[in-house]
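# Summary of structural features
Letter by letter, the chains look like this.
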Amino acid sequence: QVQLVESGGGLVQAGGSLRLSCAASGRTFSRYAMGWFRQAPGTDREFVAAISWNGGNTYYVDSVKGRFTISRDNAKNTVYLQMNSLKPEDTAVYYCAADLRVGVPSTVVYDYDYWGQGTQVTVSS
C-alpha cells in the first residue's frame, strides 16, 4: 500500500507560480516512479509530468514543457511540481500518483496504482 497526500494548491494570478508537494508513505518511495495528473471540470484526467524512481528521467505533456518542473527528494519521500508562468487553462485539480511497474514511467492514467486526494489549482486571468 502507498498513501499519497498532495499540498500546495491555491489561487494565483496568470503568470504566477505555485509549487505542489506530494508526501508518500507505505512502500519504499525510492523504488517507484511518480506522476502528476490534472482534471478540469467536465474533462478527463490528463497526464502532466512523470519522474523515474531515481529522478534521472522526467517527462512532460507538451503544454507544460518549459513552465513546469517535476522533481523528487527520496530522503523526504516527496515529489514536487514547480509550476511557473501559470495560465488560466492550467486550472484543475492536480493529483499525484505512484507507478509501481518496472521501467519507464507511464503517461497513462490506468497504469498508476495509487492516487492522492487531489489539490485545487485556480489561475485567474
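As shown above, the structure is provided for reference.
## Structural notes on the state of the cysteines
- In total, this model carries one disulfide according to the counting rule given.
- The disulfide partner of Cys22 is Cys96, and the gap between their sulfur atoms is 2.0 Å. What sets the handedness of the Cys22 and Cys96 disulfide is the S-S torsion sign, and at about 50° it is right-handed. You can see Cys22 sitting in strand 3 (residues 18–26) and its partner Cys96 sitting in strand 9 (residues 92–99), a full 74 residues away along the chain.
- Given the relative accessible area of 0%, Cys96 is considered buried.

## Examining the packing of aromatic side chains
- Tallying each qualifying case throughout the model produces six aromatic pairs.
- Geometrically, the ring pair formed by Tyr112 and Trp115 is tilted, given 6.1 Å between the ring centres and 55° between the ring planes.
- Residue class for Tyr112 comes out buried when judged on its relative accessible area of 6%.
- The side chain of Arg45 reaches across the aromatic face of Tyr95, ending 3.7 Å from its centre.

## Description of the side chain of Arg38
- Take Arg38: it is sitting in strand 4 (residues 33–39).
- Exposure remark for Arg38: the relative accessible area of 5% places this residue in the buried category.
- Only 2.6 Å separates the side chain of Arg38 from the side chain of Glu46, close enough to count as a polar contact.
- At 3.0 Å, the side chain of Arg38 and the side chain of Tyr94 are in polar contact.
- Once residues lying within four places of it in the same chain are set aside, the contact partners of Arg38 are Asp44, Arg45, Glu46, Val48, Ser63, Val64, Phe68, Asp90, Ala92, Val93 and Tyr94.

## Side note on the pattern of salt bridges
- Tallied over the entire structure, the rule returns five salt bridges.
- The residue Lys65 makes a salt bridge to Asp62 at a minimum N-O spacing of 3.0 Å. With respect to burial, Lys65 and Asp62 carry one shared label: exposed.
- Across the pair Arg101 and Asp99 runs a salt bridge whose closest N-O atoms are separated by 2.9 Å.
- The class for Arg101 is partly exposed, based on a relative accessible area of 36%.
- What emerges from the salt-bridge pattern is a single network uniting Arg38, Glu46, Arg67 and Asp90.

## Some thoughts on the sheet that holds strand 8 (residues 78–83)
- Spatially, four strands are ordered 1-3-8-7 in an open sheet, and the strand pairing comes out antiparallel. For this open sheet the edge positions go to strand 1 (2–7) and strand 7 (68–73), each flanked by a neighbour on one side alone. Averaged over all neighbouring strand pairs, the angle between strand axes comes to 15°, with direction disregarded.
- In the sheet, strand 3 pairs with strand 8 via six bridges, with the strands oriented antiparallel.

Conventions used here
Residues numbered from 1 in each chain as written. Predicted model: local features only at pLDDT ≥ 70, side-chain atom pairs only at ≥ 80, totals over all residues. Heavy atoms only, no water. Disulfide = S-S within 2.5 Å. Helix = DSSP H or I, 4+ residues; strand = E, 2+ residues; numbered from the N terminus. Buried < 20%, exposed > 50% of the residue type's maximum accessible area, 1.4 Å probe, protein only. Phe/Tyr/Trp six-rings, centres within 6.5 Å; stacked < 30°, edge-to-face > 60°. Lys NZ or Arg CZ within 6 Å of the ring centre and 35° of its normal. Polar contact = N/O pair within 3.5 Å; in protein donor to acceptor, adjacent residues only side chain to side chain. Contact = heavy atoms within 4.5 Å. Salt bridge = Lys/Arg side-chain N within 4 Å of Asp/Glu carboxyl O. Pairing = 2+ DSSP bridges. Axes fitted to C-alpha atoms, helices over the stretch in contact; angles between N-to-C directions.

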